[in-house]
Protein chains: 2
Amino acid sequence: MDKIDFTDQYFMKQAYMEAREALMKDEVPVGAVVVSEGTIISRAHNLTETLNDVTAHAEMLAITSASEALGGKYLNNCTLYVTLEPCTMCAGALNWSQIGRIVYGAVDEKRGYKRLTPSPLHPKTEIVGGIMEKECGELVKQFFAGKR
Amino acid sequence: MDKIDFTDQYFMKQAYMEAREALMKDEVPVGAVVVSEGTIISRAHNLTETLNDVTAHAEMLAITSASEALGGKYLNNCTLYVTLEPCTMCAGALNWSQIGRIVYGAVDEKRGYKRLTPSPLHPKTEIVGGIMEKECGELVKQFFAGKR
C-alpha cells in the first residue's frame, strides 16, 4: 500500500470534497479544512443559503470550529486549506486568528482579498495559492453556469 | 410624557448599552444593534473571549441574528448601529449583507475598515460616523487602560 502523502495537495483534496458537499446542497461550492500538526481539526463548506446567513462562509465556520477543537482562539500553528481565495470578511477573520498559513485553490478576481491595500491578512501569515486551482475554479464556474 | 426620540442617537445609546454589557464580561467593549422599520431586530456585543472565537464580534452576531429575525440574509432596509468603526472582517460581512445604512460611534484608526482601498463596504450602503463618538471611544480606551 502506498503511504498517504500528507502534502498540500492531500489536504486541498479534503477541502475540495467539502466544496462538492456544498455544491450538492446548491450552495456556492467552497470548502475548507484546518490542519494542526498534520491532523484535520475542522472541516466546513459554505452554508450561506442553508443557514440564511451571509457570514456562514466555509472559512468562517472552519475557524470557529478549529478554535473550539483547540480550546483557544488563535490558530498560529495551523494551516487553512480553502478551495477559493478568501473574501474580505474571511481574510479579516483569518487576520484576527493569526493563522500560520493559508493555502488556497482558485483565485477570486471579483471578491478575493488580494484586491485590497494594505493586505487585510496578518503580516506573519504565510500564503500559498494555486493548489488544485483548475478543479477548484471549475466547481465554482459550473455552479454559476447552472444558475444562468 | 416625552415622546421617545427614535433618532440615531437613541439607537446608538442601545448599542452603547450592549458595549457596556461586553465590558462587564471583560470583553473588548463594542456593541451593536440592527434596526428595521424603527424596530430593533437584533442586539449583540463582542463575545470573542467568552466564545473563544475571533469571529464573534458584535456586528457579526448582530448580522446573523438580524437575518434570522427577518428570515432572509439581505439587510437592505436595515441600519446597523455599532459603537466602533467596523473592522475588515465586519465590513466584509456587512458588504455581503447589502445593509442599507451603517451608523458608527468612535473611529478605529488601527483596525477600522477605512484604512482599506478600495472600500470593503457595499457601494450602496450609506455611512454615518461619529454618533456618541466620545462615549463610545472612552469605553474602549478605559478597557485597554485597565489591561496595562
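Because the structure is predicted, anything quoted here is derived from the model rather than measured. (Residues numbered from 1 in each chain as written. Chains lettered and ligands numbered in written order. Predicted model: local features only at pLDDT ≥ 70, side-chain atom pairs only at ≥ 80, totals over all residues. Heavy atoms only, no water.)

### Re the overall build of chain A
In terms of regular secondary structure, chain A is built from four helices and five strands. In chain A, the order of α-helices and β-strands from amino to carboxyl end is α-β-β-α-β-α-β-β-α. Here chain A has a C-alpha radius of gyration of 14 Å; the compact-globule value for 148 residues is 15 Å, and the two agree. Along the first, second and third principal axes, the C-alpha atoms of chain A reach 45 × 40 × 25 Å. Within chain A, contacts between residues separated by at least 24 positions form 58% of all contacts whose residues are at least 6 apart in sequence. A total accessible area of about 7200 Å² is found for chain A, and carbon and sulfur atoms account for 51% of it. The positive charge centre, built from 16 side chains, and the negative charge centre, built from 19, are 3 Å apart in chain A. (Helix = DSSP H or I, 4+ residues; strand = E, 2+ residues; numbered from the N terminus. Rg over C-alpha atoms; globule rule 2.2 N^0.38 Å. Contact = heavy atoms within 4.5 Å. Areas by Shrake-Rupley, 256 points an atom, 1.4 Å probe, with all protein chains shown as cover. Lys, Arg positive; Asp, Glu negative; His and termini not counted. Charge placed at Lys NZ, Arg CZ, Asp CG, Glu CD.)

### Overview of the relation of the copies chain A and chain B
Note on the copies: chain A fits chain B at an RMSD of 0.0 Å, the axial shift is 0.0 Å, and the rotation between them is 180°. Such a combination of rotation and displacement between the chain copies is what one expects of a two-fold axis. No C-alpha of chain A approaches the rotation axis more nearly than that of Met89 of chain A, which lies at 2.0 Å. Of all interface residues in chain A, 100% are interface residues in chain B too; the two copies therefore contact each other through one and the same surface. (Least-squares fit on C-alpha atoms with pLDDT ≥ 70 in both.)

### With respect to the UniProt feature "active site" (unreviewed entry) in chain A
Residues annotated in UniProt with the feature "active site" (unreviewed entry) correspond here to Glu59 of chain A. Here Glu59 of chain A falls in the buried class, since its relative accessible area comes to 4%. (UniProt positions renumbered as here; feature names shortened; annotations may be inferred. Buried < 20%, exposed > 50% of the residue type's maximum accessible area, 1.4 Å probe, protein only.)

### Here we look at the sheet that holds strand E4 (residues 101–106) of chain A
All names here are of chain A. Overall, mixed pairing links the five strands, which are arranged E2-E1-E3-E4-E5 in an open sheet. The open sheet has two edge strands with one neighbour each: strand E2 (39–45) and strand E5 (126–128). On average, each strand axis in the sheet is tilted by 15° relative to the strand beside it, whichever way the strands run. Where strand E3 (residues 78–84) meets E4, five bridges bridge the pair, whose relative direction is parallel. The residue of E4 that forms the bridge with Thr79 is Arg101. Helix H2 (residues 58–70) rests against strand E1 (31–36), E2 and E3 of the sheet, and its axis sits at about 145° to E2. (Pairing = 2+ DSSP bridges. Axes fitted to C-alpha atoms, helices over the stretch in contact; angles between N-to-C directions.)

### Here's the deal with the packing of H2 of chain A against helix H3 (residues 88–97) of chain A
Helix-helix packing is characterised by the crossing angle of the two axes and by the distance between the axes. Residue and element names in this part refer to chain A. Here H2 crosses H3 at 20°, and the two axes come no closer than 9 Å. Comparing the axis directions of H2 and H3 gives the class roughly parallel. The handedness of the crossing between H2 and H3 is left-handed. Each of Glu59, Met60 and Ile63 in H2 lies in contact with H3, whose residues at this interface are Met89, Cys90, Ala93, Leu94 and Ser97. Class assignment for the residues of the contact of H2 with H3 results in six nonpolar, one polar and one charged. (Parallel < 35°, antiparallel > 145°, perpendicular 65-115°, else oblique. Left-handed = near helix turned anticlockwise from the far one by under 90°. Nonpolar A, V, L, I, M, F, W, Y, C, P; charged D, E, K, R; others polar.)

### Digging into the sheet that holds strand E3 (residues 78–84) of chain B
Residues and elements named next belong to chain B. With mixed pairing, the five strands of this open sheet are ordered in space as E2-E1-E3-E4-E5. Among the strands making up the open sheet, the edge pair consists of strand E2 (39–45) and strand E5 (126–129). Strand-to-strand twist across the sheet, computed as the mean angle between neighbouring axes with direction ignored, equals 15°. Direction of pairing for strand E1 (residues 31–36) relative to E2: antiparallel, over a ladder of six bridges. Along E2, the bridge assignment pairs Val35 with Ile40.

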